[in-house]
Structure formats: structure tokens, C-alpha cells
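Okay, here's what each chain looks like letter by letter:
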Amino acid sequence: MKQYLMNINGKWVGEELESLDVINPASNKKIGTVPIGGKEETTKAIDAAYVAFESWSKRTAYERTACLKRLHGLMLEHQEELAQIMTLEMGKPIKESRGEVNYAATFIEWFAEEGKRVYGETIPSHADNKRLQVWKKPVGVVAAITPWNFPAAMLTRKMGPALAAGCTVIIKPSSESPITAIKLMELCEEAGFPKGVINLVTGSSSKIAKTIMENPKVRKITFTGSTEVGKILIRQSADQVKRLSLELGGHAPFIILDDATIDKAVAGVMASKFRNAGQTCICANRIYVQSGIYDAFLEKFAKAVKKLNVGDGTNESVDIGPLINRAGLDKVSNHVKDAVSKGASVVTGGEPITNEGGVFYAPTVIGDVKPSMIMMQEETFGPVAPVQKIETDEEAIKLANDTPYGLAAYLFTENVARGTQVIEQLNYGIVGWNDGAPSAAQVPFGGMKESGIGREGGHEGIDAFLESQYVSIGMN
Ligand SMILES: NC(=O)c1ccc[n+]([C@@H]2O[C@H](COP(=O)([O-])OP(=O)(O)OC[C@H]3O[C@@H](n4cnc5c(N)ncnc54)[C@H](O)[C@@H]3O)[C@@H](O)[C@H]2O)c1
Ligand SMILES: O=C[C@H](O)CS(=O)(=O)O
């Protein structure tokens, strides 16, 4: 059984600490251990990042870009190794894991270039004896806390811009899938990032976060995870006014109007809903279908869902892997039971699948749903697709916006004017219009309302790691 370690100031450490097990959710078997780091280790990581910041922030953007480009190449070279460990530790089908490694690498590649375009400004002066400028500076030491469901991409979506901007980082991956981050750390070493620029700690998230929040050397927290934890971090960050970027929970409405192309809509829902077994922040959580095509859509959709192959993600033919753990399976089961108890009908699926100790749930379509059902209000985070019939565009907009979340929404209609008028009224940071898979490195990804603060990806993604310094120059 491999004992993986933390990396602090260029050294692999933690073998003397108590460790936690990393479990393969497809088999319930232990695949490795990681150290349970706490205050001492986190403080050492912060100190290392703080010291390294002095030199790293003064490197030219071109020097930083060179490290990032080497990391990009190494990620592609090690795609299979990274994908295999990702699938083992969190269950994602291997073909999706390979895709995630490529997707994760695009953030490194895109921000390697973006770092060379951190431009300041000159501002027309109001007085002939003054010159007004805006200089851009890296925010400082950054703590990055990431979720389990995209263990590579959610990390590089933070590391890429932070490092390109000249910041140094402390990474805290999810304890459910820490090994992918450790493997990425190995590649960062090989890419030649100086010691202390990137540090990785594993273990007690609350103790690590508390140490981060109480240390003035950390100027920025970038978090991806649940809204509940995001709210804890907002409260904790207040004492030292730490900068925050928050990528939080979602509850995506998927609206299909009667002029949509049904086959395109089915393909869109399949891509959005069943990616990572429905364990993504932007997957369709509520599917609203206009009455004129409801029956035809439901028939084709259910037929496509029944074809999905469930099993161990290391098998190339598998489409749906396990849920992340027993708690995740129980949540999905409870959401379905709640819906059925309130009058919903199971069109297909609706049951857990017992398979070699793993935690699997059958790809499921639920009909006759109502807004009062839990799955229509909270993230199910599983392969369950609730479908509700709607009559008008206005009804779809009202239902779609009736949530504290505002991350992603989807609309399928072929009518440009109609689509524009609907989307203008949707309170969501991301909208897939006839597209079930909108994510990319060059776009501003993030949510409104309780789905987060700020954006990751695109030029806004690097702005999150920069401070603007206004300089007024007296010429007399
Ligand atoms: N908006 C996005 O881009 C995005 C992307 C991926 C996942 N998510 C959301 O993340 C959630 C699933 O991921 P998860 O289960 O890993 O989320 P989570 O909030 O349980 O954990 C996220 C990270 O925070 C850590 N953490 C847990 N409690 C903490 C605390 N008190 N203080 C500091 N850190 C703490 C965890 O160890 C993990 O590293 C879903 O809600 C999903 O929608 C959002
Ligand atoms: O789970 C949330 C991720 O941000 C989804 S994506 O990989 O960015 O599409």
C-alpha cells in the first residue's frame, strides 16, 4: 500500500504523521494513504510560500511562463498515469479522466500565455503636472482548496493563473481524491518550479483552513466546493479581509422549448446530466420540457439513458462509474424516495446497484416531478434526471430562477429572438444555449447568488490574483 506524502518547501514530508486512507469507490478497497497534516505543517507551507514569493513575483512573466509550459507538456506526457489514478481514487470513467487531464492542462497552457498580457494602464490626467498610471501586482500568498469531483482541473484552474500572476500557492486537495494533486505536484517539481512556490498539504481541512485564515501572510483564498463550506470561509476570512474567490454549488435548470431539435436536446442533456455520474457543479438538476414535445422527448431521453453502461471506471466501456462514497449514494437514494413519496414516477432506474462493494446508482429518469420535491431544490449530485412539463416560456423562467443558486443554466431552442429574450431573464453565470458542455479555459466560469464570488478561467481568472496599484506621479 503506497504512502503518499505532502510537499512543503520542496521536500516530501509527513511520513511520521498519522495518515488517512484513500478508498476506491468502485471496490471500497484502500489504494493508498496521505498524511493528516495540521497547524504545524500548514504554517511551514505558508512560511515557505511567503519566502518564495519574494523571488517568484520578481521573475519576469516570461520566466514564469517557461515553468508553466514545461508543466503543460509534462501533464500531457503523463496523461494516462494521471487519468488512471484519478479513476481509482474517485471513480470517474477512464475516458472521462483522460478528458479531464487534457482539460486541466488547457488551464496551464492558457494562463502561461495570459501571464504575459498582464497590462497596466495610463489614465488621462486632469492636471498638467501629474501623470496617472495603474500598475498590476500579484496579490501574494494564495491558499487553494479544491473539491474531489475534478481533482486535476479544479486545481489547475487555480494554479495556472495564480502562478502566472506571480503568486505562490498552498494547495489543500480534497481528502476524497488527494493523490491526483500529489501526482501533479511531482510534475511541478520536474517542471522546475523553485522550492516553496507550490506547496501541498493534506489532512484535516478545518484545521488547515483555520491556520490559513489566522495567518496574515496568506492574502488570498481560492475555494471550489459546496456553498455550505463557502459560507464558512466567507465568515472566517473577515478578520483579516482576505481576498476570496468562491466557486460553489449549483442547481442547473435545463429548459427545452417546443421548437428545439429533440435529438439535439437529448444529446445535450446526456452530456450535461451524466458526466461524472452527475457529480458536477453544472450538471442539469431540473429538466423543464415544454408540453408540445414532452412525450416525444421523454421517450427518446429514457431510451438513451437505458443504454448507459454502469461499472468500474477502469473499464473502457463504462459510461457511469460509482458515486464518491456511501454518503453520496444515500443522498441520491433519499432524493428519489422523497420524489416518489410526493407523486413522482420512475421512468427508468431509481435503484442503487450493488457491485463488488462499490457505491453505484442506476442512471435514472424521474417524471411527474413537482417543485416541492427535494431534488428540485438541492443538488442531487448523482445520475438522476427529474423531468417536469411546462407550458410557457414565462413559467420556465420563473421556475428556473426560483433557487438560491445561479451557476449554470441551459436552454434549447432554435429561435434566436426567443432564446435571447429567455436567457436575458435567467440569473445564471453560465448559460449553455443548445450546448450541454460549455466549459473551457478561456471563458469566465462562475456563478451568481449563492453559487460563488468571482470567475475562474478567461482574463477574469488572472485578475483574481492581481491587485491594481494606482500611481499618481507629480511632475513639478
Ligand atoms: N462552482 C464550481 O466551479 C464547482 C466545481 C466543482 C465542485 N463544486 C461544488 O463542490 C461540491 C462538491 O465538492 P466537495 O464535496 O469536495 O465539496 P466540499 O465543500 O465538501 O469540499 C471542498 C473542499 O473543501 C474542504 N473543506 C471541507 N470542509 C471545510 C472547512 N470547514 N474549511 C475549509 N475547507 C473545508 C474539503 O476537504 C475539500 O477540499 C458541490 O457542491 C459542487 O457543486 C463547484
Ligand atoms: O463540477 C464543476 C466543474 O467546474 C465542472 S467543469 O469541469 O468546469 O465543467
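Nothing here was measured: the structure is a model prediction, and the numbers come from that model. (Residues numbered from 1 in each chain as written. Chains lettered and ligands numbered in written order. Predicted model: local features only at pLDDT ≥ 70, side-chain atom pairs only at ≥ 80, totals over all residues. Heavy atoms only, no water.)

### Focus: the packing of helix 4 (residues 94-114) against helix 5 (residues 153-165)
Rules: For every element, the axis is a line fit to its C-alpha atoms; helices are fit only across the contacting stretch, and the angle between N-to-C directions ranges from 0 to 180 degrees. Secondary structure elements are taken from DSSP: a helix is a run of H or I of four residues or more, a strand is a run of E of two residues or more, and numbering for both begins at the N terminus. Oblique is the label for any angle not covered by the other classes, which are roughly parallel (under 35 degrees), roughly antiparallel (over 145) and roughly perpendicular (65 to 115). Whether two residues are in contact is decided by their heavy atoms: any pair within 4.5 Å suffices. Each residue receives one of three labels: charged for Asp, Glu, Lys and Arg, nonpolar for Ala, Val, Leu, Ile, Met, Phe, Trp, Tyr, Cys and Pro, and polar for the others, Gly being one of them.
It is at 8 Å that the axes of helix 4 and helix 5 come closest, and there the two elements cross at 10°. On the basis of the axis angle, helix 4 is roughly parallel to helix 5. Between helix 4 and helix 5, the residues in contact are E100, Y103, A104, F107, I108 and F111 and A153, T156, R157, G160, P161 and A164, respectively. Here the contact of helix 4 with helix 5 is composed, by residue class, of eight nonpolar, two polar and two charged.

### Details of the side chain of E89
Note the following rule: Under the scheme applied here, a residue whose accessible area is under 20% of the maximum for its type counts as buried, over 50% as exposed, and between as partly exposed, the area being computed with a 1.4 Å probe on protein chains only. Asp and Glu count as negative and Lys and Arg as positive, but His and the ends of the chain are not part of the count. Between Lys or Arg on one side and Asp or Glu on the other, a salt bridge is scored when a side-chain nitrogen of the former is within 4 Å of a carboxyl oxygen of the latter.
Following the sequence through the fold, E89 ends up in helix 3 (residues 79-90). One buried charge, E89, has no salt-bridge partner; the nearest side chain with opposite charge is K92, at 9.8 Å. Not counting residues within four places of it along the chain, the set of residues in contact with E89 comprises V22, I23, P25, I31, P151, E176, S177, P178, I179, T180 and I324.

### Describing the domain arrangement of the chain
To keep it simple, the criterion reads: Domains are outlined according to an automatic or database domain assignment. A 1.4 Å probe defines the accessible area here, and the buried area is the portion of it lost by two parts on being joined, summed over both.
Split into domains, the chain comes out as domain 1 (6-248 + 451-474) and domain 2 (252-440). Contact residues are listed per partner, giving 27 residues for domain 1 and 33 residues for domain 2. Here domain 1 packs against domain 2, burying approximately 2300 Å² in sum over the two surfaces, 52% of which is carbon and sulfur. When the buried area of domain 1 at its contact with domain 2 is split by residue, A26, W148 and S451 rank highest and sum to 23% of it.

### Let's talk about the site of ligand 1
As a reminder of what qualifies: Throughout this document, a residue counts as near a molecule or strand when at least one of its heavy atoms sits within 4 Å of that molecule or strand. The term polar contact refers here to a pair of N or O atoms within 3.5 Å; inside protein, the definition further demands a hydrogen-donor-capable atom paired with an acceptor-capable atom, and it admits residues adjacent in sequence only when both atoms are side-chain atoms. Method for areas: the Shrake-Rupley scheme with a 1.4 Å probe, in which residue coverage is limited to the protein chains shown.
Contacts to ligand 1 come from 27 residues, most closely from T146, R157, K172, S226 and E379. Taking T146, its main chain carries an N or O atom lying 2.7 Å from an oxygen atom of ligand 1. A distance of 3.3 Å separates an oxygen atom of ligand 1 from a polar side-chain atom of E247. Look at ligand 1: alone it shows 850 Å² of surface, and the protein chains cover 86% of it. Mapped onto the shell around ligand 1, the elements with two or more residues apiece are helix 5, helix 7 (205-213), strand 10 (218-224) and helix 8 (227-237). Its residues placed into classes, the shell around ligand 1 shows 14 nonpolar, nine polar and four charged. Among the domains, domain 1 (6-248 + 451-474) and domain 2 (252-440) are the pair contributing at least three residues each to the shell around ligand 1.

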